[in-house]
Amino acid sequence: MNITVIGTGYVGLVSGICYAELGNRVICVDKDLAKVATLQNGGIPIYEPGLQELSAKNTAAGRLSYTSDLREAVEQADIVIIAVGTPSLPNGEANLAYIDQAAIEIAQAMNGYKIIAVKSTVPVGTNERVAKLIRSWTAEQFHSISLPEFLREGSAVQDTLHPDRVVIGADSETAAETIVRLHRSLTDQIVVTDIRSAEMLKYASNAFLATKISFINEIANICEKVGADVTRVAEGMGYDKRIGHAFLKAGIGYGGSCFPKDTRALIQIAGNVDYEFKLLRAVVEVNQDQRMNVIRKLESIFDGELQGKTIAVWGLAFKPNTDDVRESPAHEIIQYLTQSGAHVKAYDPIATRNFRSMYGENGVMWCDDALQAATGADALCLLTEWDEFVRADLVELQSLLRKPILIDGRNVFKEADLAETKFIYYSIGRPRLN
Ligand code: UGA
């Protein structure tokens, strides 16, 4: 099939490259000329394991190309996939300006029947809005498809090529069949439904996963007070098939470009139809507060006085295996520390550059390696569970810190890992060690 993908952000780029890998002819379009040039030259503007190799392979095979010429790309397509960003407006609602713009530009380039699919996460009714917009600009025939995306950053290629399910919201049986055919080799779990249900399903899935995280984080906070261990609690809960083990890792709260934005958007979607989504409001509030768990521990250790203390921070990305720092818990934690007069020494294996450009300099010392960040610090806070940190030599680490205080915001270490050390070890929802 001839597929044109509009938008080369995470979703657009990964999907486009993976559709080419399945044997389709794919054109990825972006307005950002520098990004297109990078892609044409074999570069990948995001850090995503395996993506660069797949892009190079499919470009060389002549199945994949990158352009800023939307008109030509749309003219050549049987299926146009909109995968532009839907950032949050100040009230939490999704900003549909890029979607609208893409719809108009597609309409202006239409040269015959096409399937127009929306992969961006969009509020219920957006596909109808897109169809209406296109109809107001062209008399060409088309069908709409809602094609929500469930990939995770850091395992995006794997998630796209081996999805748990594919969801297709359609207003026509024949268009649905074409899109089913496109995904048939990926999974047997293809859910074909109406467009509005598909749009809702994406928000409901992300909101549910966010709820699991906030739930286990609250259980962790209670565990700390009653002397229980949340990792054992979650493990035992997870064996119940109705609960499952996934997304029950307590920590410092979820971040990233999806959960924070989508939970806010769903609260707003509900509000727009006069429904107060009380549970999800609480999920968001708990998540916000969970970042303070680390701060509260530091304050209790230093009797509320962070002024003049040197705090090492390991991990700036919102999760490991990505350089994405959007809504990363590290942001608020570091901000709080610097505002309290602490000196922060921060390190991340790959996200430091992105973090710096988002955060500014603001008195943080950015370090080139993990041990350099720890040297001379009064305490170390681990905020992202990168492998490099999990494998750290804790004996050496202890010798570099001024005080052997380790606050593990992701519960990566076990009691046995610390056996050779004198660390005073705090984690989330587990008893303090030493
Ligand atoms: C999430 C969903 O998992 C994807 O299915 C979805 O497609 C994507 O959003 C999206 O809407 O585009 P992603 O944001 O890449 O994917 O990352 P996750 O792996 O889901 O992690 C999100 C956050 O939750 C991270 O900050 C992570 O540290 C945190 N988390 C996750 C926990 O704190 N505990 C857990 O048990 C799991």
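Bear in mind that the values here come from a model prediction, so they are computed numbers and not experimental data.

Rules behind the numbers
Residues numbered from 1 in each chain as written. Predicted model: local features only at pLDDT ≥ 70, side-chain atom pairs only at ≥ 80, totals over all residues. Helix = DSSP H or I, 4+ residues; strand = E, 2+ residues; numbered from the N terminus. Buried ≥ 20, exposed ≤ 12 C-beta atoms within 10 Å, placed from the backbone. Contact = placed C-beta atoms within 7 Å. UniProt positions renumbered as here; feature names shortened; annotations may be inferred. Near = placed C-beta within 6 Å. Nonpolar A, V, L, I, M, F, W, Y, C, P; charged D, E, K, R; others polar. Domains from an automatic or database assignment. Pairing = 2+ DSSP bridges. Axes fitted to C-alpha atoms, helices over the stretch in contact; angles between N-to-C directions. Right-handed = clockwise from strand over helix to strand, strands pointing away. Parallel < 35°, antiparallel > 145°, perpendicular 65-115°, else oblique. Left-handed = near helix turned anticlockwise from the far one by under 90°.

Per the secondary structure count, the protein chain includes 18 helices and 14 strands. Along the longest, intermediate and shortest principal axes, the C-alpha atoms of the protein chain span 70 × 45 × 40 Å. A burial count over the protein chain gives 46% of its 434 residues as buried. Taking as baseline every contact in the protein chain between residues at least 6 positions apart, the subset at least 24 positions apart corresponds to 70%.

Let us look at the UniProt feature "domain: UDP-glucose/GDP-mannose dehydrogenase C-terminal" (unreviewed entry) in the protein chain. The sites that carry the UniProt feature "domain: UDP-glucose/GDP-mannose dehydrogenase C-terminal" (unreviewed entry) are, in the present numbering, residues 312-415. With 34% helix and 18% strand, the stretch residues 312-415 has end C-alpha atoms that lie 21 Å from each other.

Taken together, 21 residues are adjacent to the ligand, and Glu-153, Lys-249, Tyr-254, Gly-256 and Cys-258 come closest. Broken down by element, the residue count for the shell around the ligand peaks at three residues, all from helix 9 (residues 195-226). Considering only residue class, the shell around the ligand consists of 10 nonpolar, five polar and six charged. The two domains that each donate at least three residues to the shell around the ligand are domain 1 (2-193) and domain 2 (202-288).

Another point: the sheet that holds strand 13 (residues 405-408). Backbone hydrogen bonds hold the strands of a sheet together, and the pairing may be parallel or antiparallel. Read from one edge of the open sheet, six strands run 11-10-9-12-13-14, paired in parallel fashion. Only two strands of the sheet have a single neighbouring strand rather than two, namely strand 11 (364-366) and strand 14 (424-426). Taking each pair of neighbouring strands and ignoring which way they run, the sheet shows an average axis angle of 20°. The strands that helix 14 (residues 329-339) touches are strand 9 (310-314), strand 10 (343-347) and strand 11; relative to strand 10, the one it contacts most, it runs at about 155°.

Quick look at the pairing of strand 2 (residues 25-29) now. On a regular strand, each side chain points to the face opposite its neighbour's, so the side chains alternate between the two faces of the sheet. By the criterion of burial, strand 2 is predominantly enclosed, with four of the five residues buried. Bridge count for strand 1 (residues 2-6) against strand 2 is five bridges, and the pairing is parallel. Each residue of the ladder has a partner; that of Val-5, found in strand 2, is Cys-28. Of the crossover connections in this fold, the one passing from strand 1 over helix 1 (residues 10-21) to the parallel strand 2 is right-handed. Note: strand 2 against strand 3 (residues 64-67), four bridges, orientation parallel. From the neighbouring strand, Cys-28 faces strand 3, where its bridge partner is Tyr-66.

The next point concerns the sheet that holds strand 3. Read across the open sheet, the eight strands follow the order 3-2-1-4-5-6-7-8; overall the sheet is mixed. This sheet does not close on itself; its edge strands, each paired only once, are strand 3 and strand 8 (190-193). Between one strand axis and the next, the sheet turns through 20° on average, direction left out of account. Helix 1 rests against strand 1, strand 2, strand 3 and strand 4 (79-82) of the sheet, and its axis sits at about 165° to strand 2.

Here the protein chain is partitioned into domain 1 (2-193), domain 2 (202-288) and domain 3 (291-426). Computed from C-alpha coordinates alone, the two centres of domain 2 and domain 3 are separated by 24 Å. Residues of the side of domain 2 that touches domain 3, tallied by class, amount to three nonpolar, seven polar and no charged.

Mapped onto the secondary structure, Ala-246 falls in the loop between helix 10 (230-238) and helix 11 (259-272). Separated by 11 residues in sequence, Ala-246 and Glu-235 have C-alpha atoms that sit 9.8 Å apart.

Here we come to unusual backbone geometry. Although it is not a glycine, Phe-247 sits at a positive phi angle of roughly 60°. As for its position among the elements, Phe-247 is in the loop between helix 10 and helix 11. For Asp-274, which is not a glycine, the phi torsion comes out positive at approximately 60°. Mapped onto the elements of the fold, Asp-274 is located in the loop between helix 11 and helix 12 (278-290). Judged by local crowding, Asp-274 falls into the exposed class, with 6 C-beta atoms found within 10 Å.

Each packed pair of helices is defined by two parameters, the angle between the axes and the distance between the axes. Taken N-terminus to C-terminus, the directions of helix 9 and helix 10 make an angle of 135°; their axes are 9 Å apart at the nearest point. In terms of orientation, helix 9 and helix 10 fall into the oblique class. Of the two possible hands of crossing, helix 9 and helix 10 adopt the one that is right-handed. Across the interface between the two elements, Ile-216, Ile-219, Ala-220 and Cys-223 of helix 9 pack against Val-230, Val-233 and Ala-234 of helix 10. Of the residues contributing to the contact of helix 9 with helix 10, the split by class is seven nonpolar, no polar and no charged.

The next point concerns the packing of helix 11 against helix 12. Contact geometry of helix 11 with helix 12 gives a least axis separation of 10 Å together with a crossing angle of 150°. Overall, the two elements helix 11 and helix 12 adopt an arrangement that is roughly antiparallel. At the point where helix 11 passes helix 12, the crossing takes the left-handed sense. Each of Thr-263, Arg-264, Leu-266 and Ile-267 in helix 11 lies in contact with helix 12, whose residues at this interface are Leu-280, Arg-281, Val-283 and Val-284. Among the residues making up the contact of helix 11 with helix 12, the classes are represented as five nonpolar, one polar and two charged.

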